[in-house]
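# What the coordinates show
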Amino acid sequence: MIFDVLTLFPEMFVSPLQESILARAIKQGLFEVRAHNLRSWAEGKHLTTDDTPYGGGDGMVMKPEPIAKAITELKQQAPTAKVLLMTPQGVPFRQQHARELAHEENLIFLCGRYEGFDERVRQTLVDAEFSIGDFVLTGGELPAMVMIDAICRHLPGVLGSSSSAETDSFVDGLLEYPQYTRPAVFNGMAVPDVLLSGDHGRIANWRREQQLLRTLQRRPELLEKVLLTEQDEKVLDLLRHKLKT
Ligand SMILES: Nc1nonc1C(=O)N1CCN(Cc2ccccn2)CC1
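Here the structure is a predicted model, which is why all the values come from computation and not from measurement. (Residues numbered from 1 in each chain as written. Predicted model: local features only at pLDDT ≥ 70, side-chain atom pairs only at ≥ 80, totals over all residues. Heavy atoms only, no water.)

### Section: the packing of aromatic side chains
If you walk through the whole model with that rule in mind, you get three aromatic pairs. Ring plane angle 80 degrees and centroid distance 5.9 Å describe the contact between F3 and F31, whose orientation is recorded as edge-to-face. Residue F3 is located in strand β1 (residues 2-7), and its partner F31 is located in the loop between α1 (20-27) and β2 (32-37); the two are separated by 28 residues in the primary sequence. Given the relative accessible area of 0%, F3 is considered buried. (Phe/Tyr/Trp six-rings, centres within 6.5 Å; stacked < 30°, edge-to-face > 60°. Helix = DSSP H or I, 4+ residues; strand = E, 2+ residues; numbered from the N terminus. Buried < 20%, exposed > 50% of the residue type's maximum accessible area, 1.4 Å probe, protein only.)

What follows is the structure, encoded as structure tokens:
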């Protein structure tokens, strides 16, 4: 997988990729991130990339020409690359998108600053628009890095053997169960006995119940979309009853 990023701040894509899992995966050649400065495709004495909005108003709008030139050039090397625009007006980015996008060979991320891009960029050059949440950031770089991180976890070999993206929160549509590690007692708080029992059937049931409880308490709306077994439904009825009392 090759991620191309078009940005005014390519340096923002250096240190997050020099640490931990992502750094190791890059070293192993599992994926590559190429951050390009949009200014390289700008014209004129000052290499202008933005201008004032037609119709007046505050802020600056990113000019269409440099972006069109950049995308055209990148697509010469990767004609099937999907162009993704980071914007608060985008589709809310979800785990399912991360899983699907991990199957692409090449993705091009368009990171905006200021008030965003000239609408003609969006209409003619962008394949999909994503938002990472209903809040306004200073630019599209962090959203692009968030998406790259989430997508990479689904690339073969990135998470290594010890864990898998298949057991993530949201994979089965439920929130994750609580995790514990040594010591067995910390500040007077003991690890639940079931986890020390060695009874893997009981542990699996306890973990599933904890997922259902946590999802019911924190994100009940997710339960509408989840495929639940009859056992799950029974547990949920009990939990709802307990929560009422
Ligand atoms: N939340 C988010 N999830 O994705 N992006 C954001 C986000 O807040 N921003 C701030 C505005 N930037 C500039 C901009 C504005 C409009 C159209 C395109 N670009 C983009 C990134």
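Once the structure has been displayed, the description carries forward.
### A short note on α1
Considered for burial, the residues of α1 that qualify are L22, A23 and A25. Buried residues of α1, seen end-on, are gathered within an arc of 165 degrees and therefore sit on one face of the element. Residues of α1 that are exposed and point more than 90 degrees away from the buried face comprise S20 and K27. (Arc of directions from axis to C-beta.)

### Section: the pattern of salt bridges
Taken as a whole and assessed by the stated rule, the structure comprises twelve salt bridges. We note a salt bridge from K63 to E65, for which the minimum N-O separation is 3.5 Å. Since its relative accessible area comes to 23%, K63 is described here as partly exposed. The partly exposed category is assigned to E65, whose relative accessible area is 39%. In this structure, D172 engages R208 in a salt bridge whose closest nitrogen and oxygen atoms are separated by 3.4 Å. Taken together, the residues span a long stretch of sequence, with D172 in the loop between α5 (141-152) and β8 (185-186) and R208 in helix α6 (residues 200-218) at a distance of 36 residues. Here D172 falls in the partly exposed class, since its relative accessible area comes to 30%. Because the salt bridges share partners, they merge into one network encompassing E119, R122 and E129. (Salt bridge = Lys/Arg side-chain N within 4 Å of Asp/Glu carboxyl O.)

### Re the site of the ligand
Around the ligand, the surrounding shell holds 20 residues, and the nearest of these are S131, I132, G133, F135 and L137. G133 is positioned such that a nitrogen or oxygen atom in its backbone is 3.1 Å from a nitrogen atom of the ligand. The contact in question runs from an oxygen atom of the ligand to an N or O atom on the backbone of L137, over 2.9 Å. For the ligand, whose accessible area on its own is 460 Å², the fraction buried by protein is 93%. Among the secondary structure elements, those contributing two or more residues to the shell around the ligand are β5 (82-92) and β7 (128-131). For the shell around the ligand, the leading source of residues is β5, giving four residues. (Near = heavy atom within 4 Å. Polar contact = N/O pair within 3.5 Å; in protein donor to acceptor, adjacent residues only side chain to side chain. Areas by Shrake-Rupley, 256 points an atom, 1.4 Å probe, with all protein chains shown as cover.)

### Looking at the sheet that holds β1
Pairing in this open sheet of five strands is parallel, and the strands run β2-β1-β6-β5-β7 from one edge to the other. The sheet terminates laterally at β2 and β7, the two strands that pair on one side only. Going from strand to strand, the sheet's axes swing by 30 degrees on average, the running direction of each strand aside. With five bridges joining them, β5 and β7 adopt parallel strand pairing. The partner of P92 across the bridge, within β7, is S131. (Pairing = 2+ DSSP bridges. Axes fitted to C-alpha atoms, helices over the stretch in contact; angles between N-to-C directions.)

### Describing α5
Between its first and last C-alpha, α5 extends 16 Å over twelve residues, near the 16 Å set by a 1.5 Å rise per residue. Counted residue by residue, α5 has nine buried out of twelve residues, so it is predominantly covered. (Expected span 1.5 Å × (residues − 1).)

### Considerations on the pairing of β5
Here is the key point about a regular strand: its side chains alternate between the two faces of the sheet. In terms of strand pairing, β5 meets strand β6 (residues 106-110) through four bridges, oriented parallel. Counted as the bridge partner of K82 is L107 from β6. On the question of chirality, the crossover connecting β5 to the parallel β6 by way of helix α3 (residues 95-101) is right-handed. (Right-handed = clockwise from strand over helix to strand, strands pointing away.)

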